[in-house]
Structures are given as structure tokens and as C-alpha cells.
Protein chains: 4
Amino acid sequence: MSGDIKKIVLAYSGGLDTSVILRWLQETYRCEVVTFTADIGQGEELEPARKKAEMMGVQQIYIDDLREEFVRDFVFPMFRANTLYEGTYLLGTSIARPLIAKRQIEIANEVGADAVAHGATGKGNDQVRFELGYYALKPDIKVIAPWRQWDLNSRTKLLDYAEQHQIPIAKDKRGEAPYSTDANLLHISYEGKALEDPWVEPDEDMFTRSVAPEKAPDTPTYVEIEFRHGDAVAVDGTAMTPAQVLTRLNELGGQNGIGRLDLVENRFVGMKSRGVYETPGGTILLAAHRGIESITLDRGAMHLKDDMMPRYAELIYNGFWFSPERLAIQALIDKTQEQVNGTVRLKLFKGQASVVGRKSPNSLYRLDYVTFEADSVYNQKDAEGFIKLNALRLRLGAMAKGS
Amino acid sequence: MSGDIKKIVLAYSGGLDTSVILRWLQETYRCEVVTFTADIGQGEELEPARKKAEMMGVQQIYIDDLREEFVRDFVFPMFRANTLYEGTYLLGTSIARPLIAKRQIEIANEVGADAVAHGATGKGNDQVRFELGYYALKPDIKVIAPWRQWDLNSRTKLLDYAEQHQIPIAKDKRGEAPYSTDANLLHISYEGKALEDPWVEPDEDMFTRSVAPEKAPDTPTYVEIEFRHGDAVAVDGTAMTPAQVLTRLNELGGQNGIGRLDLVENRFVGMKSRGVYETPGGTILLAAHRGIESITLDRGAMHLKDDMMPRYAELIYNGFWFSPERLAIQALIDKTQEQVNGTVRLKLFKGQASVVGRKSPNSLYRLDYVTFEADSVYNQKDAEGFIKLNALRLRLGAMAKGS
Amino acid sequence: MSGDIKKIVLAYSGGLDTSVILRWLQETYRCEVVTFTADIGQGEELEPARKKAEMMGVQQIYIDDLREEFVRDFVFPMFRANTLYEGTYLLGTSIARPLIAKRQIEIANEVGADAVAHGATGKGNDQVRFELGYYALKPDIKVIAPWRQWDLNSRTKLLDYAEQHQIPIAKDKRGEAPYSTDANLLHISYEGKALEDPWVEPDEDMFTRSVAPEKAPDTPTYVEIEFRHGDAVAVDGTAMTPAQVLTRLNELGGQNGIGRLDLVENRFVGMKSRGVYETPGGTILLAAHRGIESITLDRGAMHLKDDMMPRYAELIYNGFWFSPERLAIQALIDKTQEQVNGTVRLKLFKGQASVVGRKSPNSLYRLDYVTFEADSVYNQKDAEGFIKLNALRLRLGAMAKGS
Amino acid sequence: MSGDIKKIVLAYSGGLDTSVILRWLQETYRCEVVTFTADIGQGEELEPARKKAEMMGVQQIYIDDLREEFVRDFVFPMFRANTLYEGTYLLGTSIARPLIAKRQIEIANEVGADAVAHGATGKGNDQVRFELGYYALKPDIKVIAPWRQWDLNSRTKLLDYAEQHQIPIAKDKRGEAPYSTDANLLHISYEGKALEDPWVEPDEDMFTRSVAPEKAPDTPTYVEIEFRHGDAVAVDGTAMTPAQVLTRLNELGGQNGIGRLDLVENRFVGMKSRGVYETPGGTILLAAHRGIESITLDRGAMHLKDDMMPRYAELIYNGFWFSPERLAIQALIDKTQEQVNGTVRLKLFKGQASVVGRKSPNSLYRLDYVTFEADSVYNQKDAEGFIKLNALRLRLGAMAKGS
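Residues numbered from 1 in each chain as written. Chains lettered and ligands numbered in written order. Predicted model: local features only at pLDDT ≥ 70, side-chain atom pairs only at ≥ 80, totals over all residues. Heavy atoms only, no water.

1. Considering the overall build of chain A
Applied cut-off: The helix count covers DSSP runs of H or I at least four residues long, the strand count covers runs of E at least two residues long, and both are numbered beginning at the N terminus. Only the protein chains shown count as cover for residues, with accessible areas throughout obtained via the Shrake-Rupley method and a probe of 1.4 Å. Counted charges follow a simple rule, with Lys and Arg positive, Asp and Glu negative, and His plus the chain ends left uncounted. Where a charge lies is defined by one atom per residue type: Lys uses NZ, Arg uses CZ, Asp uses CG and Glu uses CD.
Scanning chain A from terminus to terminus reveals 13 helices and 14 strands. For chain A, the spread of C-alpha atoms along the principal axes amounts to about 85 × 55 × 45 Å. Total accessible area on chain A is roughly 13,800 Å²; 48% of this is exposed by carbon and sulfur atoms. Here chain A contributes 49 positive and 57 negative side-chain charges, whose respective centroids are spaced 3 Å apart.

So, in C-alpha cells, the structure goes:
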């Protein structure tokens, strides 16, 4: 095995697991390993990762700030579809994986690597998301997934390996964490260990991105979000880049206890798992986007989008971001957003983000058509013919049954 | 026209509008009018309706308590599908109309009436829902929709007519209401007048079924709901009938400021309209049902349901409850609910209903399959083949493009 | 009524019905009527229509050859989706109506007309298709549908009116046709009268575009069609315009008895009707397009398209060509066609068009992946993991049921 | 490995491949092997399989005639949905696999076996279909797929093994077949070898179930098929069992050259493959079923079915017959078939099966509603209101764009 691989690009966080992987790759494949560390808004310093990689002999170290690309090209397109997996989950982890995979392959092309490696386990969805991304973008790439290959399949073995190979272990990593987390600008997730019994409510002190609704301010916060072609472009009147928008909404949402979610979800690999999420800004953004669509989007287009959404969400969850069918649905979604312009006003209060106002230069909401008094534009008598022809097949059906 | 109709069954609330309609029908068609008043949990005394009908010379007066039938045969089947119209609306008005229509037709058959009449206007969805119900159940029925036919198309004309015809007008009905409402055990709606500008937040004093989240208790309430075949059968350990369940959840939800919704929706008749809703119990029930499904429903069945839901919601919203396609989708939905048994625990707090626990004798959530350590039941190496075959077409596609 | 309308653009065929309509419009509205006659490949001389219009005093006469636009912008986009209504109908009539409506509105804008008129009856789909097109493109247009308005609702009355108003009647139009027809470059339809009993097979002498399969040549004809981005661009090696392609395929199909269809369909206005169609070229084109997609289109994209197709077909059948949702689905369809390039070989024989060969520079069909012997590119052992993870939820489900 | 398995049930055809597998299982696992051979209409004698199994020392030999169960419980339910995979394929192989799997598991339960084995290769769909069936019905079953496990991965090695182990080889099996086939009462398939270039038309002498259209009778054959609840129950007036119906239609179709199909399809395991099929009776049955639905099925139900069909076809093709989502869709489909009763008349001629007549006691086709003259039951004026309200959102959309 070791003879086949020439050069590996590793998705490297700088933490214990990927540091062990780094060393294990070097030992096992006896080839150069290039590290790639991305800032996608996980809220951690990246320089320590560089130092650690240098210390472990890595020659080529990539550290990229991908936050704007993440929100602009991944988060926002997904939000145009009002995407929710299984009715509730905002796909915070799923949507970040294709970006990592894409950049990793770009680097592999730049440095002439023939393999990539990641630190996802063999039981989760992330291995699928990474690897489908790799294969879709570079079909001849070799993929190394150490967690599926090695025998370091327990915490103890991992720590032993680290010690034997002089890999520094942060003090707080010696004990086992009560759950594993994944974070980026859209969300933070918690799963495993302490959360495994789905009947038991998580501890309040687990949460890091939002105050408890109970501790949120006793008066509501109002916020106005402006949209252009379905994307948020300004918050409270200030124009912002995509990452700035999401950062600002995360602050507002976090302060008001918004965006916590506790669920059991269906993994692509076949089992159910329990996850707890904090997505403060995303939760506000979803409500706001539905709000602006409610006055600017045609009914036919909206219902079509709604019908497609669960499938689109499933594609993203399962790791098919770069598939032809995701791209085709995206073309459909984007086509519907051309007139989705305007401003939404929301009330944020103790865990809830509620739309309380919406306005648009392209509004399809017409007061003169809704009011009950005047018949200038809408002839109530038309409704009779409308109903009669809609009823015709039902009447014929009832007659045929003899009822 | 007047000569054709022999006997009319009128959906009669006892209020000003349907009282005027009652008299207008008597005058216009010169035939017997039978009144039908239903208790579907709207929270009003029905005896005054009887007295008023008697006073106006009605011979056959039907007053029926349909609350159990409403929840059992209409609300619960709909909730099995996690139904939301346009992503947010719980269809509180839509789901009550087919029941009214059904009972009205039953009465028409009992009393030998050849026509039915309702008080819905010519601009809304309710006329469609009533009439599609009538036609589907009795294809030769004649339908009278006074609001589309007469010229009493203003408040002033209506009051004048009432006065001329000795129809008593409640004092508080003389002035015009700031919005129109519709209520039943599932929800109350508000629309029109003061709500017509979708940029303006509704007044707090409009709401009647829930305290403001700001005024709800400062400590959370926890509730446990038990499901059997997808329907709620007990609350906090007490077995209840369907209507009792919904009544209890309405209390709990109302006390905690849960279930308010402010939206702009797309009417079937073609325009957008703004509606504000309170659905306290239904909001809790939806979250709870999703919660119990999350551990008892197979992924394939769940995603299938999710894909069908927007269409199912549209059918109900548009009034096609008795259509063959609604019945067919219902068969699909009901088939999936056979194992949806168990208990969900929710936290209710200042406007939010959050699932915090779920358990079931039929749980598909298996701790032994999720834990990352032991490989006894799930072989991580299987994931490689799974990913490789899922990736194959993506790789072939990339190769064909020469990328 | 007559005072409101200033100028009318009439979709004018030159036949008896629209000639009576022309005169009736002139008489009823006392305003200028502009005629518009289109060549969409119906196979009739258009100059007689001009003469007749002149004779009836029309000042502005539009006669346009729209054949290329018809095939390029309407027929081909529809065929990219392999569109069939109710599993069998190629939508030959439906797809022509939006083009007529579009051109009619363009003319209305050019000549400053405030109304348009058409000759479709009040029972069919065409009135809907015309009028939805008009309203979508010019929302304030006034629409005149004489068949729904006048009292000339029998053949006899129509002939009487024609005679009274000096409208020339072709000899063969005096007797009543045994069925009504509609023709364009894609198809000819027959319905009504002699076809009304769906148990009775149509007479052979009704057909005009194809020989009976029984009389078609006893040896097969082979044809090769080349596609680019999903559209046919060459036949038997000769590059052709869209209309030329369809014309050539009509010849080949007609000679071989291909493209006859006898069905009962569901009209948008609510009843079922029986139609018989000849679509020789379209039938070949559909088979060929499926053939080229079979080797160039990714599975995910293909299945997505297949899932959307019935809905897309329904939209076209119902007249929603210019709706936002049709445009959005078209964006999805078109996105999938980028690599749909190559050549298909078909055998045409006595009513059947069968694909017998396909090749493409972008082929996704890879001999090396299909052959059973060598394992160079596909590892059979991967299948085990693939199956096991696909089976996992089914196994968990069976366990939960205790089976 | 060999120590784990106690008893194996093998799907055994009696041919060379499964005979080698039988011996290989006995040698490798050193345990009892039970053979199971099914008559599903493949048209081969089964007694030779018994003799061969006896000769190879098999103690428990199951030979079952499953033809009626096959058509009644698998083929007919599938045809209720008008099922076509990728627009053309009638799923003849796919639908037989779940039945084999089901019976094999029943036998495993009867004889106390802990493992099952099949002879499908590691590149095809059949392995998936068998194994998903096994796992769904008996989640703890052990599955042996010799083709994925052994090293007999060439024809030569297989023949060598047979010779070394005294397995009799039919003379005509010594040379390699030009393609592999699979047959049952619904169809016969051909794939591989001589068919691998999708540009090359198959040889005429490959086909076994149908004459070439060129050699079919020069005069059409007419046939009448009667349906009850969506299933064919009589042919030409003679009541028949499900298997009898299909057998009779196979004769009629085969004589008239009907049901040949040459395509490139997308396998579930990720690659495209070329298959040629003969499905004479099924092709007639599909046309007939669409025909009877065309007059008995409500439009809403039909379009719903059509929308679901590609997904249902994909589930069957991929092997998910026993999945919860297939069962749920089946419930939907079956619900729609309650009134699908009546008789269809078809013309069979040189490769084509064309519906030429249909009648039903539950017909929804009403002459009085279709005829253009009389307005007794349908008021043409209703169409105006119908169109106007359908157009309303399109008009509002056009206004909002300022067009």
C-alpha cells in the first residue's frame, strides 16, 4: 500500500485527531503530507495549526480564510431554497464539507498530490460528503480515510500513539470530551456520548453560541434584513458582505437565545443519530427569506420550490453538492429568485425569530385585490366559474360511483 | 331563479352576516331554509343561534357538537403528515371547512333539501372549500353563495338590510371590526382591515388565545405527549380523546405564548393575503409528532412523506379534502404511521415548543449502532464500498467532461 | 360593451369560423379588427386568408411564418424533457398555443390594440392556453372569446350568420365535418363527432399525415439523428434548422406509419375527452432523445428530470407556458442538457420507431466498467459495503418490529 | 470463516454457475446446503435441477411453482402504477428478485438455516435486489455472494473448477454464450458480450420470445382485456388467473413481434449498461392498463400516480421492494385502483400494441359533457371565471415586473 501514494493533502485542524493522522500518514505511506487548514468561521485560532504542522515536518502548509466563499457560494445558495433536512435541521455541517473538499482538491492539483485524507470516522456522514466531493472533482484521486483503515479505534490507543510519536496533547484533551462538536460560521453541532440517550435533555452548559432563552433579554430586539435576488445584502440598513451578514445575525441570534435545535436525524449511512445544534443567524435568515418570498414570489414558483426542497436538502445532507442533480435543482431555485428583493422586519425574543413586517419594490401583494369592498379589479362572480370547473371532475366522480 | 329551489340548508353562525343571509334566502327563494350550526370549538355559545333562527321563522334547526369528529377525522389525519402550507401555516381554517360541508350535505339529504348556502365571500378560499366539498359529496346539489350574488356588498348596505328586516344587531357589531376572524378548536385567524399593510405589526390586544411571549411565565413548562399510530392519545400520562388532547394543548400553549404566526399567503383564487393566526395546541402537536417520528419512522418513509407534504397541504388549503388524490395521499401517509408509537417530552417557554426527549417501544434509534467505539454491529469498512459505488457515476461524469 | 374596445387583434385562420368571428367582432364592437394568421406548419395556403380579410375590410393584416420559432423555442425545449401528458400524448396542440398568444400580443402592442380575440370554444383547453398567454404577457389586455359570448352556438346558426353577412363558405364546409382538427408542424389532432364513442376505432380514411402501418413499406428504414445540447441538429448527416429537422422526420415517420395515437385525456376544464393524433416526427424525436440521453446523461439528473416531467407536461397542457414555474423547470431541464451530444440510430418500421444504436463524444457508458471479467476499475468487493449500508435501515426496521 | 455458518439455502438454477457455487459452498463452509429452485415462468424444466442437486449430495431440495404468486403479488401490483424505469424498461428482472429472496428466507426459516447464497455477480443490480430482500425479511441472516468472494473470476477458471469437482457440464455451455440472459413469465433479458457496443444492433437470432416484426402476420390481431380494480382478469372474454393472463398475452404479443426493447440503463451500482429485453405480454398489459385508467381514473389521482411512478420504478429497480416507502407508495397506488374496472380493446400489429377502444361501468367519460353543442350540463360561461382566476397571479406577476 505504502508504495502507491506519492503526496497527500490532509484536511488538518491542528487538533489531536488530525495530528495523529498526520503522523500516521507520514509513517504509513512514507511520502510528503501537505496540510490544509481552513477558516470557515469555526472560531478558532489557526496559527497554532501552522506551528504544529511545522513541528511535525510539514513542508507545504495551506491556511485559507474561506469565510466569504463559504457563505456566498454555499450557505446563501442553500438558503434560497429554504432548506431544512427532515423538517428542522439547517444543514450547518453538511454545507461546509463540499467547500473543504473543493479546496483540498484545488491544493492537490497545485502541489501535484495524488491523494487526499480526512479525519472523519467510518460511521458518520462526513466521510461521504468529503469523498463524494473529492471524486466528483478529481475522479482519479486516491482517498485515505484513516479512521476506517487503522486500528487506533479507541481513545486510549489514540493517546498512546500520540505519546509514542511525540505529538503534543493539550491538557484539556486528555480526558474525553462529553460530546464531539463541529463548528463553522453557520452553526455548531454536538453529538455522541452524553447526548446518546434521546430521552435526556442536554445540559445547559454545553451551549456556546447562544444564551439560554431563559437568560435572553426581557425586551424584544427588532432587526431589518434586506434581500436582493434572494440573498441578504444588508442588516438594519447597513450593506454587508455575505460573511458579515451571517456574523451579525449570529450575534443578534445568540444574544436572544435563537437557533437551538435538538433532534434525532437519519444518517445517509443508515442509522439514526441524535444531534444538538446552535444556528442563531441561520435561523433568523430562514425566517426572513420565507418572509421576503411571501410577498415577492409567485405561488406556482413557491409551491414548486417547496416540493423540491426536501429532495434538495437530502442531496446536500448526503454529500451530493457537486452532483448534476443538485446543480440542476439549483438552476431551478436560482431562476425563482430574480424578483426576491425587499426588506423583512423580525422580532427576536427569547428563542424566537418572528417575521412582523415585509415590503418590496417588486411586491405581488396588492391591497386593491385583497380588500373585500371594491370590485374594481377582481370580479367576485368569476369565482363561481372557477369553482364549478374545479369541481367538475369531483362531480363526475361522485356520479360514477352512484353516490 | 327563485322558482327552482325547494329547500335550502344554510351554514348558520347566528351572527349578523349569516342572519342577513338567512332572511335574504327566505325572501329571494321563497322556500324553507334549514339552519345548521356546528360547535367545532370556536368558543361561542350556540343557543343564541337557535333562538335567533327560531325568531326568524326557521322550522328545522340543526345544532351539532362536531368537536370530536373534527379532531379525530380531520385534524389528526392532517397532522400525521406534519402538514404546513407554504412552510409555516397550520391550515386551521382550511381543515374545518370540509367537515362543515360534509355535515351540511348530510342534513340536506336528511331533510330533502336541494340547495345549500354559505356565508363566505367571493374573494377568499372558503367559498372554494365549501363548494368543492358540496359538489364532491352530492354532485347535483345547488349552491347559493349570497356574497357573490347579491348587491349588499358593503357594511352599510348590510346594516340597512338588517334594520329593514328586523334582524337584531348586537351593539358591538354596529361599528366595523378592525379585522375578520375565524375560530375553531385548532386555531383562530385574523385578516383584513387593520392587518392589510404587511409591513405593520399587529396590535397586541388583537390576540385572544395566547398571552404575549413577553407575558408568559419566566420558567418553562414541560409536557409529555403519547402517540399511537401517529395520533396523540395521552397528555402527561392521562389518556384523552382527540378533542380533549387538543383542548389541553391549547391551554398549555396559550399560557406559554405559543403558536402565533403572521404571514402573507397565496390564496387559491389567485391573490396574496395577509393573515395572522394563533394555533397554540397545534404548534405543540406538530413539534411532538415530528419528534416521535424521528425515532420510529424509517428514513425512506419519512423522506417520502416530506416530499409529499407540500402537495398534500396545497390540496387541503385549496379545498380538495374529498378529492381522490387527497384520499390516495392519505393512504400513503397512514401506511407510514403504523409504528409511530411512543412518548415525546417538550419544553414550552415564551413562545417556543421544543422537543427535548423522545422514547418508544418501536424505536429505530439504536445506541449500539451509533457509538463510535465498538464495531460489533456496524463494520466501518463497509462505508468505503458504499461511498465508492455512490461516487462511481460522479467520477464517470467528471471523466467524460475531461476534468 | 361595444364602447369599451378600441382595436382588436384576432387570431384568424381564414376559415369559416374565424371569418364569422371577424364579422361579428366588427359588428359588435364597431371598432377596427386586425387579423393575424400564422404559418406554424399546418400545411395550408395563407394567401387565401389575406384575400378574405381584405375582402372583409381589414386594414392591417399580419401573416407570419413562425415555423422556425415554433420548433426552436417551443417544440425543442419541450422535447428536452421527454414530455408526455398522461403517459402518451406529445402535446402537439398545447405547445403551439403560447406562440400564437405571444405573437398576437406583440402585434397588439405594435398596432396599439387594447383587445385580442380567438376562435376557441368554451369547452376546450385552447381557450385557457390562449388567454393565460395573453394575460401573462399583457396583464391589462381585454380578451374576447366569441364562442363563450355569442348565441351562434350551433352549426346552423353559424351558417345562417355567414350567409346573412356575405361571408363566403367553401363548398366542403357546408356539410358538417365528422371531427374537428388542429394542425401544426408537430402534429394533427382529431376530435369530436365520429370519435366520441371511445369504444369505436377511428376510420382509416381520417388520417392525413401517415400511411397505415399495414400499408407502410415491408422493409425497415434506418435514420440517424445528431443531437447537440439536447436538440436535434442533423438528420442522416445533414445539418438542418429546427423546422427542417421536424419536417424531415415527419416525412420519414409518415411514410412508415409512425406516430398515431388514440386516447382519452383529461382536460384542464374538468372533463375527459377523446382525441386521436398523428405526430410522426415527434414520435421519432422522443425515442431518439431518450436514446441519446441514455448514454450521456447522469443517472441523478435523468431521474430528477423523469420525476419532474409529468408536472411539466401538465403545465404545458394546462396553458401555463409563460408561468414562473414552467420557466423554473425549464432552467432545470436545460441545465441537464449541456452534455447531451451525439448520434442515435433508429429503425422505422410499420408504426414503430426503435432505437438500435447510440454513440457520443461525451458518453458515460464505459465498456471497461461493465464487463464482468476484469476488476481493474471497479472492485466487486465494494458492492458488499454498498449493499450493507443500504440495507441497514431495513434491518433496523425489521428488528424493531420483532420480525 | 468456514466455522461460522451452519446451514445455507442456495438459490439454485441447476445450471453450470450455480452448480459450481453449490460445490464451492459445500467445500468452503463444510456445512449443509439446501437448494431452492423456483418456477417463475422462465420456461425451463426443473426436474434436471433436482437430479443434479441430488447427485451433488443435497439432502433438502425445494422446487416451487411460484408463477401465480409472481404475477398476482409482484407483477400486477407493479403494473397498477404503469411502471417504467427510465421511461422505457418494464422491470422484468427487477420484479422477480424480491420473490426469490422472500421464498428463500421462508425456506431458511423452515429448515433452520443461518445463511443464504445467490449466484449474482458483483457488478450488477441483482445482488442488491436479492440481499436487500434477505436483510429486510430476516435482519440477522448471513449472506454469501460467491462471485464477490472467490477467485473463480473467469470462464476458464469456472470450467476448470467444474471439471476438477466432477460437475457435469452441458455441451452447449462449454463455449461461452454471446450474452447472458434472465427469464421469467414477464420477460427475458440479454446483456453483455455481443451487446456491449451500444451502437451495434443485436442479431435477429438472439430473440426467443417474439418473432421479428418483419415476420409477424400481415393482418392485425385484436384482443380485449378486462380489468377489475386495476388488474387484468379476463382475455377475450375468458376469465383467467393472473399467470394465465400473462401467459396468454405473451403468446399474442410474441406472435405479433411486440415487446422488444433495446436500451442503455443506469444501474444502481453506478455504471450504465446495455440491455435488450423481450416483454410481449407486459407491453400489451401496460398499454391496456393505461387505456382502462383513461376512462375510469380521476385526473387528480392519475396525475398524482404519474408523478410518483418514476420514483416507484426506481425503488423496484434498486431492490427496495420490501422497504417502507415502496409499501407506502403501493398503498397510494392501490387506493386509486378501486374504480379501475372495464374492458380495453387493442390492435396488435407488427410490433405495436395500440389501444383502439375502452369501456367501463364506472366510466368518467361523459359524452354529454364533451359535446360542443348543448350547454345542458356545462356552462361555457364558467370558463371565463376559471381562466380569469387562474390568470390572476400571472397578471400580478407581469404588473410587478412593469411589463
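From this point, the discussion proceeds with the structure in view.
2. Digging into the sheet that holds strand 13 (residues 342-349) of chain A
Residues and elements named next belong to chain A. Let me state the cut-off plainly: When DSSP finds at least two bridges between two strands, those strands are taken to pair. In this analysis, two residues are considered to be in contact whenever any of their non-hydrogen atoms come within 4.5 Å of each other. Axis lines are fitted to C-alpha atoms, over the contacting stretch for helices. Their N-to-C directions set the angle, which ranges from 0 to 180 degrees.
Spatially, 10-9-8-13-14 is the arrangement adopted by the five strands of the open sheet, whose pairing is antiparallel. Edge positions in the open sheet fall to strand 10 (238-239) and strand 14 (352-359), since each of these has one partner strand only. Both strand 9 (residues 231-235) and strand 10 contribute to a ladder of two bridges, which runs antiparallel. What sits directly across from Val-235, in strand 10, is Thr-238. Helix 9 (residues 280-296) rests against strand 8 (221-228), strand 9, strand 13 and strand 14 of the sheet, and its axis sits at about 25 degrees to strand 14.

3. Overview of the interface of chain B and chain A
For interface size, the figure often reported is the accessible area lost on association. Keep this limit in mind: Joining two parts hides part of their accessible area as seen by a 1.4 Å probe, and the buried area is that hidden amount summed over both. For this analysis, a salt bridge means a side-chain nitrogen from Lys or Arg found within 4 Å of a carboxyl oxygen belonging to Asp or Glu. Pairing of N or O atoms within 3.5 Å defines a polar contact, subject to two protein rules: one partner must be a possible hydrogen donor and the other a possible acceptor, and residues neighboring in sequence count only if both atoms are side-chain atoms.
In this assembly, 100 residues from chain B lie in contact with 100 residues from chain A. Roughly 9,200 Å² of surface becomes buried between chain B and chain A when both sides are summed, with 57% attributable to carbon and sulfur atoms. The tally of links from chain B across to chain A stands at eight salt bridges. The partner of Glu-201 of chain A in a salt bridge is Arg-345 of chain B, and the shortest N-O contact between them spans 3.9 Å. Counting across the chain B and chain A interface gives 36 residue pairs in polar contact (both at pLDDT 80 or more).

4. Notes on the packing of aromatic side chains
What counts is decided by this rule: Two rings from Phe, Tyr or Trp (for Trp, the six-membered ring) form a pair when their centres sit within 6.5 Å of each other. Planes less than 30 degrees apart are called stacked, planes more than 60 degrees apart edge-to-face, and all others tilted. The rule for a charge over a ring is simple: NZ of Lys or CZ of Arg within 6 Å of the ring centre, and within 35 degrees of the ring normal.
Enumeration over the complete set of coordinates arrives at 50 aromatic pairs over all chains. Each ring, one from Trp-24 of chain D and one from Tyr-29 of chain D, has its centre 6.1 Å from the other, and the planes form 80 degrees; the classification is edge-to-face. Taken together through their ring pairs, the aromatic side chains of Phe-268 and Phe-320 of chain A, Phe-386 of chain B, Phe-386 of chain C together with Phe-268 and Phe-320 of chain D make up a single cluster. Above the ring of Trp-321 of chain A, the side-chain terminus of Arg-326 of chain A is found at 3.5 Å from the ring centroid.

5. Examining the interface of chain D and chain C
The condition is simple: Each residue is assigned to one of three groups, with Ala, Val, Leu, Ile, Met, Phe, Trp, Tyr, Cys and Pro labelled nonpolar, Asp, Glu, Lys and Arg labelled charged, and all others, Gly among them, labelled polar.
Taken together, the contact pairs 100 residues of chain D with 100 residues of chain C. Summing the contributions of chain D and of chain C, the shared interface buries around 9,300 Å²; its carbon and sulfur component is 57%. A per-residue breakdown of the area chain D buries against chain C is headed by Lys-123, Trp-199 and Lys-272 of chain D, which together make up 9% of the total. On the surface where chain D and chain C come into contact, there are eight salt bridges. At the junction of chain D with chain C, the criterion picks out 36 residue pairs in polar contact (both at pLDDT 80 or more). In terms of residues, the side of chain D that touches chain C owes the most to one element, helix 13 (residues 382-400) of chain D, which gives twelve residues. Residues of the side of chain D that touches chain C, tallied by class, amount to 43 nonpolar, 21 polar and 36 charged.

6. Details of helix 7 (residues 155-164) of chain C
Residues and elements named next belong to chain C. Here is the rule: Residue burial is assigned from relative accessible area. The probe radius is 1.4 Å, only protein chains are included, and a residue is buried under 20% of its type maximum, exposed over 50%, and partly exposed in between. Taken from the helix axis, the directions to the C-beta atoms give the arc we talk about.
Listed as buried for helix 7 are Arg-155, Leu-158, Leu-159, Tyr-161 and Ala-162. In a view along the axis of helix 7, the buried residues occupy a sector of 160 degrees, so they form one face of it. Exposed side of helix 7, more than 90 degrees from the buried face: Thr-156, Glu-163 and Gln-164 are the residues found there. On its buried face, helix 7 is in contact with helix 1 (16-29) and helix 6 (146-149). Positive backbone phi, approximately 55 degrees, marks Gln-166, located one or two places after helix 7.

7. A look at the sheet that holds strand 11 (residues 260-266) of chain C
Residue and element names in this part refer to chain C. Here four strands make up an open sheet; going across it, the order is 6-7-12-11 and the pairing antiparallel. The sheet terminates laterally at strand 6 (180-183) and strand 11, the two strands that pair on one side only. Pairs of neighbouring strands in the sheet enclose a mean axial angle of 25 degrees, with direction left out of account. In the sheet, strand 7 (residues 188-191) pairs with strand 12 (residues 272-278) via four bridges, with the strands oriented antiparallel. Paired with Tyr-190 across the strands is Val-276, a residue of strand 12.

8. Side note on helix 1 (residues 16-29) of chain B
Residues and elements named next belong to chain B. Defined as follows: In a helix, the anticipated span is given by 1.5 Å times the number of residues less one.
For helix 1, which comprises 14 residues, the first-to-last C-alpha distance of 20 Å matches the rise-based estimate of 20 Å (1.5 Å per residue) to within 8%. Burial within helix 1 is extensive, with eleven of its 14 residues counted as buried. Of the residues making up helix 1, those classed as buried are Leu-16, Thr-18, Ser-19, Val-20, Ile-21, Leu-22, Arg-23, Trp-24, Leu-25, Gln-26 and Tyr-29. Just beyond helix 1, the residue with positive phi is Arg-30, at close to 50 degrees.

9. Observations regarding the relation of the copies chain D and chain C
Rules: Least-squares superposition of the copies uses the C-alpha atoms of those residues scoring a pLDDT of at least 70 in each of them.
Rotating chain D by 180 degrees and moving it 0.0 Å along the rotation axis overlays it on chain C with an RMSD of 0.0 Å. Both chain copies can therefore be described as sitting about a two-fold axis. Measuring from the rotation axis to each C-alpha of chain D, the shortest distance belongs to Asp-307 of chain D, at 3.1 Å. An overlap of 100% is found between the interface residues of chain D and their copies at the interface of chain C, pointing to a shared contact surface.

10. Here's the deal with the UniProt feature "binding site: ATP" (unreviewed entry) in chain A
Residue and element names in this part refer to chain A. Quick note on the threshold: UniProt positions are given in the numbering used here, feature names are shortened, and annotations may be inferred rather than shown by experiment.
Feature annotation in UniProt places "binding site: ATP" (unreviewed entry) on Ala-11, Tyr-12, Ser-13, Gly-14, Gly-15, Leu-16, Asp-17, Thr-18, Ser-19, Ala-38 and Gly-119, given in this structure's numbering. Within the secondary structure, Tyr-12 is located in the loop between strand 1 (7-11) and helix 1 (16-29). For Tyr-12, a relative accessible area of 2% puts it in the buried group. Those residues in contact with Tyr-12 that sit more than four places away from it in its chain are Thr-18, Ser-19, Leu-22, Thr-35, Phe-36, Thr-37, Ala-49, Lys-52, Ala-53 and Met-56. Summarising the element assignment, Gly-15 is placed in the loop between strand 1 and helix 1.

11. Details of the UniProt feature "domain: Arginosuccinate synthase-like N-terminal" (unreviewed entry) in chain A
Mapped onto this numbering, the UniProt entry annotates "domain: Arginosuccinate synthase-like N-terminal" (unreviewed entry) at residues 7-168 of chain A. Here residues 7-168 of chain A runs as 48% helix and 15% strand, with 24 Å between its end C-alpha atoms.

12. Description of the side chain of Glu-69 of chain C
Residue and element names in this part refer to chain C. Structurally, the position occupied by Glu-69 is in helix 3 (residues 67-79). Within the structure, Glu-69 has its side chain in polar contact with the side chain of Lys-102 (distance 2.5 Å). In this structure Glu-69 touches Phe-74, Leu-99 and Lys-102, once residues within four positions along its chain are discounted.

13. Thoughts on the confidence of the model for chain A
The following threshold applies: A residue's pLDDT is simply how confident the predictor is in it, with values from 0 to 100.
Of the residues in chain A, 95% have a pLDDT of 70 or more, and the chain-wide mean is 94. In the predicted assembly, ipTM is 0.95 and pTM is 0.97.

14. Looking at the nonpolar core
Keep this limit in mind: Put simply, a nonpolar core is a bunch of buried Ala, Val, Leu, Ile, Met, Phe, Trp, Tyr and Cys residues held in one set by side-chain atoms that sit within 4.5 Å of each other.
Grouped together as the largest cluster of nonpolar side chains are 400 residues, with contacts concentrated most on Phe-70 of chain A, Phe-70 of chain B, Phe-70 of chain C together with Phe-70 and Leu-346 of chain D. Apart from residues no more than four positions distant in its own chain, Leu-346 of chain D is found in contact with Thr-221, Tyr-222, Val-223, Ile-225, Ile-284, Ala-287, Ala-288, Ala-353, Ser-354, Val-355 and Val-356 of chain D. Counting 30 residues, the second-largest nonpolar core is a separate cluster that includes Ile-21, Leu-22, Leu-25 and Leu-159 of chain D.

15. Details of the environment of Leu-99 of chain A
Residues and elements named next belong to chain A. Take Leu-99: it is sitting in helix 4 (residues 97-111). A residue is classified by how much of its surface remains accessible, and Leu-99, at 0% relative accessible area, is buried. As for Leu-99 and Tyr-62, which are separated by 37 residues in sequence, their C-alpha atoms are 15 Å apart.

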